[in-house]
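# Coordinates in review
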Amino acid sequence: MQTSPAIPATDLQADNFRRAAIDKSVRGPVLFLFTNGAFWLMLSTLLGVLAGIKLVEPEFLGNCAWITYGRLQPAHINALVYGWGVQAALGVMLWIMARRSGQELKSGKSLLITAAVFWNITITVGILAIVLGKSTSIEWLEMPEFVWPVLLICFLCYAWPIARMFGRALRPEGFMVSTWYILGACFWFPWIFITANVALHCLPSLGALGAGIDAWYIHGVILLFFVPVGVGSAYYFIPKITGQPIASAQLASAGFWSLAILGGWTGMQKYMGGPLPAWMTAVGATAGVLLLIPVALVGLNHHLTTLGKHSAVAASPTLRFIFFGAMFYPVSGLVLALNSAFWTGSGLQFTQSWYAFQMVSVYGFFSMCVFGAIYYIVPRLTGCEWLSVRLIRNHFWFSVYGVGTIIIMSLVGGWQQGADFNNPDNWDQTFMNLVVNSRGYVVSRAVAWTLISFSNFMFLLHLLLMVAGLGRRSSAPTLLDHEHDDHALPTGTHA
Amino acid sequence: MNFRTFILGLAASFGLPWLCLIVLPAMQYQQLTPVAYDKEADGVEGMYPPAPVNGQGLLVYIREGCNQCHTQMIRPPQLGMDGWYKGWGEDQEARSAVAVRSNELRDYLSEKYALLGIQRVGPDLANFGWRAPDAAALHQHFYSPRSVHDWSTMPAYKHLYTLQKIQGPASEHALKLPRKFAPPAGYEVVPTKEADNLVKYLQSLKKDYLIPGQAAVAASPAKK
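Residues numbered from 1 in each chain as written. Chains lettered and ligands numbered in written order. Predicted model: local features only at pLDDT ≥ 70, side-chain atom pairs only at ≥ 80, totals over all residues.

Before going further, it helps to examine the overall build of chain A. Along its length, chain A carries 15 helices and zero strands. Here the C-alpha atoms of chain A give a radius of gyration of 22 Å, agreeing with the 23 Å that 2.2 N^0.38 yields for 495 residues. In terms of overall dimensions, chain A has C-alpha extents of about 80 × 45 × 40 Å along its principal axes. Burial statistics for chain A: of 495 residues in total, 58% are counted as buried. Within chain A, counting contacts between residues at least 6 apart in sequence, those at least 24 apart form 83% of the total. (Helix = DSSP H or I, 4+ residues; strand = E, 2+ residues; numbered from the N terminus. Rg over C-alpha atoms; globule rule 2.2 N^0.38 Å. Buried ≥ 20, exposed ≤ 12 C-beta atoms within 10 Å, placed from the backbone. Contact = placed C-beta atoms within 7 Å.)

Structure, rendered in structure tokens:
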């Protein structure tokens, strides 16, 4: 699948030159996206801390209009999704597609940089607008109406060359599952994004159907954009670093197509029992539970691929992040199923478990995979190695514990909220029990975001040093475990 | 599998849900219009839904992101207690005989985008208009939620109010606040136009009007 050991040395060298040329061709846009994404991630996590505190203690930092929870929370989510998520995803997609297709980025590099600059300017304006009181209150589309055409054009500036690379390099033997996922993400995101924005901003009025479309949009972006990029990079890096081929092509194919078929149906169950026609929420709930199938198929495949290579997980920063990210994928499927099925979803509806689902998929799964990818990609683009094992290790552990805490606390807190709400004794009570009982969970969420902010500060610092060319000058990659078994990492896999 | 079949596969697998869940329902929704009550069967005249929500106040509600913590959707009894909460519908009696009805598409007909809500940190507001206190009490709640409930986690929307020096007689709109939350002596707090609109919006939230043709169903006790 990757470099086979039988290839003679001269071919290996030619291969390395070819790889270096590809890396050089995408260097500018990819590093630009990663660096800006890391800044947005930093901002988003800080806003997450603040939003958590404001949800418990609304008078924290005074009663300024800009930092009320109703404005902070959307700013936090939008910075995470568009500032970090989509941006970092585009960088990873471009690099993996260039490498997988063996194509250099021939032209249009300045167009890509320009698109990335516009993307960042637009997000900045959009998030400022939310905070200053121009929010649309449409979840995940809170930024004012005028931002979406700009974002769409910027996205297409990247999607087009990625799709072109895929088309030019298509050979049956080189057709690998990670490129399917990445092409799928290029294809689905604009479709979902245009549909939701046209429906919610351009059509005259959709009333409650608009709320359903918005819920569909959020699930679509998670399941058909973030998930494919995460799974695609896992499928790319796990075989590359363990030196094992993907365990089963059939499982990979079935996992991809079942996601493609089911992903578009889910979402409207967020408003189960609401004004939407019952069949819509029922279909969404069914698909939400059935999505356990692709999750299980991919999970099994990854498990079989990493089997017996766990020492590489300890040593390689990339594999460690991706391994744990891939472990969060089944968790996110489980949370989605819990929120979707009627018998659990009715208790979890409108509670923090909704936040748990967003965070486990966008942070726990997608971001962890992207961190892994960045730890692999950046040294190849900057020509130097990561400076400090300690920074990487801290980034990893604070992220894992932080996001784990958020998921568990939001789920348990959500269950508690639902139980309080549906407790018959509360029928004539104020919301005091509900507010007081969920306080502890929100506090722990704020604490967890603090841990994550700390980890992201180290990540941002490390990344900036690398981009500035201040990394280690060495041909040996920075590994986390120095006493590792030399056979754990086959030679050539870190080329 | 070549490039073309791959793309066709993607388009087909995603196009089907896109068409069935989004495009066709959106087209159908455009045909949705208010319906007239039947005087004989329903006992009321006019159109259903009878009155739109206050549009100016809705803009403030949207701007402040109130839907982050407040839903506007009553679920049927099999999914939650919503319908049985005291005063959550037109019937403000302590224990009503029937649960407040769950919502349907026409309840949101006047709204461009229905704010069904993200989380339920605070009470549901679908039918808040029926149980809304007078404007002065609502203004006090917005200006200083903790003067109403000391455990409240609702933000204080002080920016919707003006703190001004009392000149001549005190304004009749000035908020009457408990001493702990009151402005310094010689000053008063008056609502802005936006705060007034927000109050009017909340008072206009009544989404449990009689559905045409269902008067008989609602009036008769549950059939055993």
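Having seen the model, we can carry on.
Another aspect to go through is the interface of chain B and chain A. At the junction of the two partners, chain B supplies 57 residues and chain A supplies 63 residues. Secondary-structure elements contributing two or more residues to the side of chain B that touches chain A are helix 1 (3-29) and helix 3 (55-63) of chain B. Take the side of chain B that touches chain A: its biggest share by element is 11 residues, from helix 1 of chain B. Looking at the side of chain B that touches chain A residue by residue, the classes come out as 32 nonpolar, 15 polar and 10 charged. (Nonpolar A, V, L, I, M, F, W, Y, C, P; charged D, E, K, R; others polar.)

Bringing the environment of Arg146(B) into the picture now. Mapped onto the fold, Arg146(B) is located in the loop between helix 5 (135-143) and strand 3 (161-165). Between the C-alpha atom of Arg146(B) and that of Ala156(B), which follows or precedes it by 10 residues, the distance is 8.2 Å.

The next point concerns the environment of Leu463(A). Residue and element names in this part refer to chain A. Residue placement: Leu-463 occurs in helix 15 (residues 432-467). Spatially, the C-alpha atoms of Leu-463 and Thr-35 are 7.0 Å apart, while their sequence positions differ by 428 residues. Other than its neighbours up to four places away in sequence, Leu-463 contacts Phe-34, Thr-35, Ala-38 and Val-378.

Turning next to the packing of helix 11 (residues 317-340) of chain A against helix 14 (residues 389-421) of chain A. When two helices pack together, their arrangement is captured by the angle between the axes and the distance separating the axes. Residues and elements named next belong to chain A. Orientation of helix 11 relative to helix 14, taken along the N-to-C sense of each, is 5°, at an axis distance of 11 Å. On the basis of their axis angle, the class for helix 11 and helix 14 is roughly parallel. Across the interface between the two elements, Pro-317, Arg-320, Phe-321, Phe-324, Val-331 and Val-335 of helix 11 pack against Ile-392, Phe-396, Val-400, Ile-407 and Leu-411 of helix 14. (Axes fitted to C-alpha atoms, helices over the stretch in contact; angles between N-to-C directions. Parallel < 35°, antiparallel > 145°, perpendicular 65-115°, else oblique.)

Okay, the domain arrangement of chain B next. Once the domains are mapped, chain B shows domain 1 (1-31), domain 2 (34-131 + 204-219) and domain 3 (134-192). A C-alpha centroid distance of 29 Å is found between domain 2 of chain B and domain 3 of chain B. (Domains from an automatic or database assignment.)

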